[in-house]
Amino acid sequence: MPSRSDITYFGAGPALLPSEILEDAAKALLNYHDTGLGIAEHSHRSQLAADIINQAKADLASCLDIPPDYDVLFMHGGGTGQFSSTAYNFVGAWVARKRQDIIRDIEGDVTDSQLIQQLKEAVQKDLKIDYLITGSWSQKAAAEGERLFGSEYINIAADSRETNGGTFGTIPDESTWKLSKDAAMVYFCSNETVDGVEFPEFPRSLLPGPDGKGPIVVADMSSNILTREIPVKNFSAIFFGAQKNLGPTGVTVVVLKKSFLPPLIAQPSSNLLRQLGLPIPPIIFQYETIAKNNSLYNTLSIFDVYVMGQVLKKMLQTYPDKVRGQQAVSNRKSQLLYDAIEAFPEIYQIIPNKAARSRVNICFRVIRGDDRDGAERAFLEQSSAQGLTGLKGHRSLGGIRASLYNSVPLEGAEKLAKFIRAFAMSSE
């Protein structure tokens, strides 16, 4: 049986974790800091737990240069849970703003019935949630928004399948996007894990203006967080599951602009949402509830946050320039693989368009000979025999997928690139 050191794992998630961090975590599970209790046994209400949460938040802010006017929330439900949570919270914020506008614009006293009637008219006429669909995850996010609010409130501002023969693999030109005037949010998935599509930079059409105002932008960064610099100030919210580049499965992180929290803005009451015919969010999906309780409204897995914190500390120790240092390594790893694949166009075919291909999830087909399925099985069998595992593509797309999360060392990418070349040459 292979040992851990024999394996380089390229699975799409949960991802590999550094061995030294797992060894430390194992000790912490048995006896954390000589307290006689494992870290998972300590109360989440203890000062010990609060210290772990606060340090992880501070280290994440340091790694990503998160401005002080943003909060960091640790939540449950994964990225899929955030498809619901973002829609609930940003629609709620939209309603709260409209309510303030109506009160300000009406001269004299406004009755509750007048306010409700005008709010209903505004919701029915103007409420939109915008989605940019570039892959499987953004498609699911839009479907969840429609399930919760109804198709009349959903605007698909762009869908890459419409200009790519019905399949994903590109990012539509921004000139074709049909953005709403005052959307409750504009959602996009920064890196599509299944389809190997990544936004190369922040979309120009979503940039804030000279006055700092612009669209309310929400991004899912579950699979490329901590792999490159992020212009955090351009986003109202960023969310990501921990299990790709940050820690084990179990915690979802939300980086949220504080202007969407009390006292600057408060979510509408349940009664008001009922009168407007809008869904009421579960309380554990309300950002203001989580923020008010420092992510401890209900029981949080402190062990998972601890492991995340150790990953962040390791990054800060390894890269004095923080995420910029990791970005250089991430770019180098992906370039190694793309160079190897592109050197043999008669053997391999990269799935997404070059302008949109991911640095993190490299998706390609083995097109050698007439039996492509057989060629891909041979690729997977031979690579696995060399300790290169987790390379099978997603069931909906097929092919090969190499996920280059931060825990995959440069040496692992070099080993895979060497195998890609060797396999191709053995096929000639």
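The notes below deal with the structure included here. Worth saying up front: this structure is predicted, and the values here are computed from it rather than measured. (Residues numbered from 1 in each chain as written. Predicted model: local features only at pLDDT ≥ 70, side-chain atom pairs only at ≥ 80, totals over all residues. Heavy atoms only, no water.)

### Quick notes on the pattern of salt bridges
- What the rule picks out here adds up to 16 salt bridges.
- In this structure, Lys98 engages Asp182 in a salt bridge whose closest nitrogen and oxygen atoms are separated by 3.5 Å. A residue pair is termed long-range when its members are at least 10 positions apart, and Lys98 in helix H3 (residues 78–105) and Asp182 in the loop between strand E4 (154–159) and strand E5 (185–189) qualify at 84 residues.
- A relative accessible area of 18% means that Lys98 is categorised as buried.
- Asp159 is the salt-bridge partner of Arg161, the closest N and O atoms lying 2.7 Å from each other.
- What makes Arg161 partly exposed here is its relative accessible area of 23%.
- A network of salt bridges, in which partner residues are shared, links Asp65, Glu229, Lys322 and Arg324. (Salt bridge = Lys/Arg side-chain N within 4 Å of Asp/Glu carboxyl O. Helix = DSSP H or I, 4+ residues; strand = E, 2+ residues; numbered from the N terminus. Buried < 20%, exposed > 50% of the residue type's maximum accessible area, 1.4 Å probe, protein only.)

### With respect to the packing of helix H2 (residues 47–64) against helix H8 (residues 302–318)
- Two numbers describe how H2 lies on H8: the axes approach to 9 Å, and their chain directions differ by 35 degrees. Here H2 and H8 pass one another in a crossing that is left-handed. Contact with H2, carried on its side by Ala49, Ile52, Ile53, Gln55, Ala56, Asp59, Leu60, Ser62 and Cys63, involves Ile302, Val305, Tyr306, Gly309, Leu312, Lys313, Met315 and Leu316 of H8 and no other residues of that element.
- Classifying every residue of the contact of H2 with H8 gives twelve nonpolar, three polar and two charged. (Axes fitted to C-alpha atoms, helices over the stretch in contact; angles between N-to-C directions. Left-handed = near helix turned anticlockwise from the far one by under 90°. Contact = heavy atoms within 4.5 Å. Nonpolar A, V, L, I, M, F, W, Y, C, P; charged D, E, K, R; others polar.)

### Let's talk about the sheet that holds strand E11 (residues 348–350)
- Within the open sheet, the three strands sit side by side as E11-E12-E14. Their pairing is antiparallel. Each edge of the open sheet is held by one strand with a lone partner, namely E11 and strand E14 (400–403). The mean inter-strand angle of the sheet, taken between neighbouring strand axes irrespective of direction, is 30 degrees.
- Alignment of E11 against strand E12 (residues 361–366), held across three bridges, turns out to be antiparallel. Note that in E12 the partner of Tyr348 across the bridge is Val366.
- Against the sheet, helix H11 (residues 410–427) makes contact with E11, E12 and E14, and its axis sits at roughly 130 degrees relative to E11, the strand it touches most. (Pairing = 2+ DSSP bridges.)

### Examining helix H9 (residues 323–342)
- Taking 1.5 Å per residue, 20 residues should reach 28 Å; H9 reaches 28 Å between its end C-alpha atoms and fits that length.
- All buried positions along H9 are accounted for by Val323, Gly325, Gln326, Ser330, Lys333, Ser334, Leu336, Leu337, Tyr338, Ala340 and Ile341.
- Looking at the buried residues of H9, the elements they touch are H2, H8, E11, E12, E14 and H11. (Expected span 1.5 Å × (residues − 1).)

### Description of the packing of aromatic side chains
- Overall, the coordinates contain 18 aromatic pairs when judged by the stated rule.
- Seen in terms of ring centroids, Phe83 and Phe239 are 6.4 Å apart; in terms of plane orientation they differ by 70 degrees. Their pairing is edge-to-face. Pair noted here: Phe83 is in helix H3 and Phe239 is in strand E9 (residues 237–241), with a separation of 156 residues, a long-range link. Each member of the pair, Phe83 as well as Phe239, carries the same accessibility label: buried.
- With centroids separated by 6.2 Å and ring planes inclined at 85 degrees, the aromatic side chains of Tyr348 and Phe379 adopt a geometry described as edge-to-face. Pair noted here: Tyr348 is in strand E11 and Phe379 is in helix H10 (residues 372–385), with a separation of 31 residues, a long-range link. No difference in accessibility class separates Tyr348 from Phe379, as the two residues are buried.
- The structure contains a cluster of three or more aromatic residues connected by ring pairs, namely Phe83, Tyr131, Trp137, Tyr187 and Phe239. (Phe/Tyr/Trp six-rings, centres within 6.5 Å; stacked < 30°, edge-to-face > 60°.)

### Section: the nonpolar core
- Core analysis: the largest hydrophobic core is formed by 55 residues, its most contacted members being Leu60, Phe74, Leu132, Leu226 and Phe235.
- For this core, the leading source of residues is H8, giving nine residues.
- Membership of the second largest hydrophobic core comes to 50 residues, among which are Ala87, Ala122, Leu272 and Leu273. (Core = buried A, V, L, I, M, F, W, Y, C linked by side-chain atoms within 4.5 Å.)

### Digging into the pairing of strand E10 (residues 252–257)
- Along E10, five of the six residues are buried, which leaves the element largely enclosed by surrounding structure.
- Note: E9 against E10, five bridges, orientation antiparallel. When the sheet's bridge partners are listed, Gly241 is paired in E10 with Thr252.

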